[in-house]
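So you can see what is in the structure, the chains are spelled out below.
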Amino acid sequence: MKALVLEAYNKLVYKDVNKPAPDDHEVLVEVKAAGICGSDVHGMDGSTGRRIPPVIMGHEASGVISETGRSVTDWQVGDRVTFDSTIYRLDDWYTRSGHYNLSDNRMVLGVSCKEFRRDGAFAQYVSIPEHILYKVPGNVSFEQAAMVEPVAVALHAINLSGVRINDHVVVFGSGMIGLFLVQLLKSTGCHVTAIDIVEEKLVMARNAGAETCLHAGRDEVATRIKEITGGRGADLVFEAVGMAGTLKTAVDCIRKGATLVMVGNLTPVVDFPLQKVVTQEITVRGSCAINGEYPAVLELLSKGQIHVDSMISAVAPLSEGARFFDRLRNKEPGLLKVILKP
Ligand SMILES: [Zn+2]
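To start, this report covers the structure provided alongside it. Not measured: the values here are computed from a predicted model.

What follows deals with the overall build of the protein. Scanning the protein from N- to C-terminus turns up 11 helices and 19 strands. For a compact globule of 342 residues, the expected C-alpha radius of gyration is about 20 Å, and the protein comes in at 20 Å, within 12% of that figure. Its C-alpha atoms give the protein principal-axis dimensions of about 60 × 40 × 40 Å. For the protein, the share of sequence-separated contacts (at least 6 apart) that also reach a separation of at least 24 residues comes to 66%. As displayed, the protein has an accessible area near 15300 Å², and 50% of this comes from carbon and sulfur atoms. Placing the 36 positive and 40 negative side-chain charges of the protein at their respective mean positions leaves the two points 2 Å apart.

Listed below in structure tokens is the structure:
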């Protein structure tokens, strides 16, 4: 089969590789659409340690089952499917207690690091454990289904946040996750302010439903949030960047007793405003990946209650993948999500 292989750091090659053979409890999915994630673009130069070559990346995808393992009974050849990006164990303590996203020895599709290596979906076929599959409704396209993963990441963070109707919520970072946070938060009936340093992303945040959009380089973010909230500060803040500067501003604009949900994790270690968090009883909450949000996202998509089409900037053949990775690394204006089709 053809695959887009990361052969060395920053070297993507479209080439023939062996077609994977599914284990007893796996299916072989013929990939129809696979989205390029920011973590693929950031990781392919070796900076995150999570794309050690050689590896086939790609963890946001959809397709059709073309083969089933011997023990698979609930899935048939021809089923239209998408799948979780986390491959978790079913016999794990965390999975059994309802937190499969935290399970020990979990793997992520299309990631290779010190602990594991698992080929992903930038290929004609990918082999997927049956317990992470989800059926795609008939009126949801393969391209839309490849967007379920990032929407589910945003929904997971919201599900952990305790958001309430009429809350003033601030979302730092208007990338893919930030924009889906804005869109989903609007459906909860709260007031959303979006923050970014790129003008066109703020326009997208406005289109996604943000009432207020602030430019972190030009606007006095914390002062403006205080103005909007009667001097109190935000009831809830999502940090979808993961850097020291945004974390500091996030804590500056939150009210006493409120919750800060950390979704972005660009930087491994940051300075932390310890005294303010302690003396103002701020709850700091990490949110990692997805824990059962796929069915909800697929239903919202099918019912037209969440929109992903405007986020897809380009659909291209997998053979042109390397070129699109270059364009994304160069931060080409207007290029947000690229979907590759084998
Ligand atoms: Zn991703």
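At 2.1 to 2.3 Å from the zinc ion lie its protein donor atoms, namely C37 (SG) and H59 (NE2). With C37 in the loop between β3 (26-35) and α1 (38-43) and H59 in the loop between α1 and β4 (60-68), this residue pair connects regions lying 22 residues apart in the sequence. As far as the burial class goes, C37 and H59 line up, both buried.

For the rest of this paragraph, the subject is the pairing of β3. Of all the 10 residues making up β3, 8 are buried; the element is thus mostly covered by neighbouring parts of the structure. Direction of pairing for β3 relative to β4: antiparallel, over a ladder of 8 bridges. Residue A34 lies in a different strand from β4, and its bridge partner there is A61. Taken together, the 2 bridges between β3 and strand β19 (residues 337-341) define a ladder with antiparallel strand orientation. Across the sheet, residue G35 finds its bridge partner in β19, namely I339.

A separate point is the sheet that holds strand β17 (residues 283-286). Strand order in the open sheet formed by 6 strands is β14-β13-β12-β15-β16-β17, with parallel pairing between adjacent strands. Every interior strand has two partners, whereas the edge strands, β14 (212-215) and β17, have only one. On average, each strand axis in the sheet is tilted by 20° relative to the strand beside it, whichever way the strands run. As defined by bridge partners, strand β12 (residues 168-172) adjoins strand β13 (residues 191-196) across 5 bridges and the pair is classed as parallel. The partner of V170 across the bridge, within β13, is T193. Packing against the sheet, helix α5 (residues 176-186) makes contact with β12, β13 and β15 (234-239), and its axis sits at approximately 165° to β12. Relative to the sheet, helix α7 (residues 221-228) contacts β12, β13, β14 and β15, its axis offset from that of β14 by approximately 160°.

On to the packing of helix α4 (residues 148-161) against α5. Between α4 and α5, the shortest axis-to-axis distance is 8 Å and the interhelical angle comes to 60°. One element, α4, and the other, α5, form an angle in the oblique class. Pair α4 / α5 crosses with right-handed handedness. Contacts from P150, V151, V153, A154, L155, A157 and I158 in α4 reach M176, I177, F180, L181, L184 and L185 in α5. Partitioning the contact of α4 with α5 into residue classes produces 13 nonpolar, no polar and no charged.

What follows deals with the pairing of strand β10 (residues 125-129). Counting buried residues along β10, 5 of its 5 residues qualify, which places the element largely inside the surrounding structure. Taking every second residue as pointing to the same face, both faces of β10 are buried, with Y125, S127 and P129 on one and V126 and I128 on the other. As defined by bridge partners, β3 adjoins β10 across 5 bridges and the pair is classed as antiparallel. Each bridged residue has a counterpart across the sheet, and for E30 the counterpart in β10 is Y125.

What follows is about the packing of aromatic side chains. Enumeration over the complete set of coordinates arrives at 4 aromatic pairs. Measuring from ring centre to ring centre gives 3.9 Å for Y88 and Y100, while their planes differ by 20°; the resulting arrangement is stacked. With a gap of 12 residues between them, Y88 in the loop between β6 (86-87) and α2 (93-96) and Y100 in the loop between α2 and β7 (107-108) connect regions that are remote in the sequence. When sorted by exposure, Y88 lands in the same class as Y100, which is buried. With 5.9 Å between their ring centres and 85° between their planes, F122 and F325 make a pair best called edge-to-face. Note that F122 is positioned in the loop between β9 (117-118) and β10 and F325 in helix α11 (residues 321-329), a separation of 203 residues in sequence. Considered together, F122 and F325 belong to a single accessibility category, that of buried residues. Positioned over the ring face of Y125 is K19, at 4.3 Å from the centre of the ring.

Cut-off values and rules
Residues numbered from 1 in each chain as written. Predicted model: local features only at pLDDT ≥ 70, side-chain atom pairs only at ≥ 80, totals over all residues. Heavy atoms only, no water. Helix = DSSP H or I, 4+ residues; strand = E, 2+ residues; numbered from the N terminus. Rg over C-alpha atoms; globule rule 2.2 N^0.38 Å. Contact = heavy atoms within 4.5 Å. Areas by Shrake-Rupley, 256 points an atom, 1.4 Å probe, with all protein chains shown as cover. Lys, Arg positive; Asp, Glu negative; His and termini not counted. Charge placed at Lys NZ, Arg CZ, Asp CG, Glu CD. Donors = N, O, S within 2.8 Å, 3.2 Å for Na, K, Ca; no water. Buried < 20%, exposed > 50% of the residue type's maximum accessible area, 1.4 Å probe, protein only. Pairing = 2+ DSSP bridges. Axes fitted to C-alpha atoms, helices over the stretch in contact; angles between N-to-C directions. Parallel < 35°, antiparallel > 145°, perpendicular 65-115°, else oblique. Left-handed = near helix turned anticlockwise from the far one by under 90°. Nonpolar A, V, L, I, M, F, W, Y, C, P; charged D, E, K, R; others polar. Phe/Tyr/Trp six-rings, centres within 6.5 Å; stacked < 30°, edge-to-face > 60°. Lys NZ or Arg CZ within 6 Å of the ring centre and 35° of its normal.

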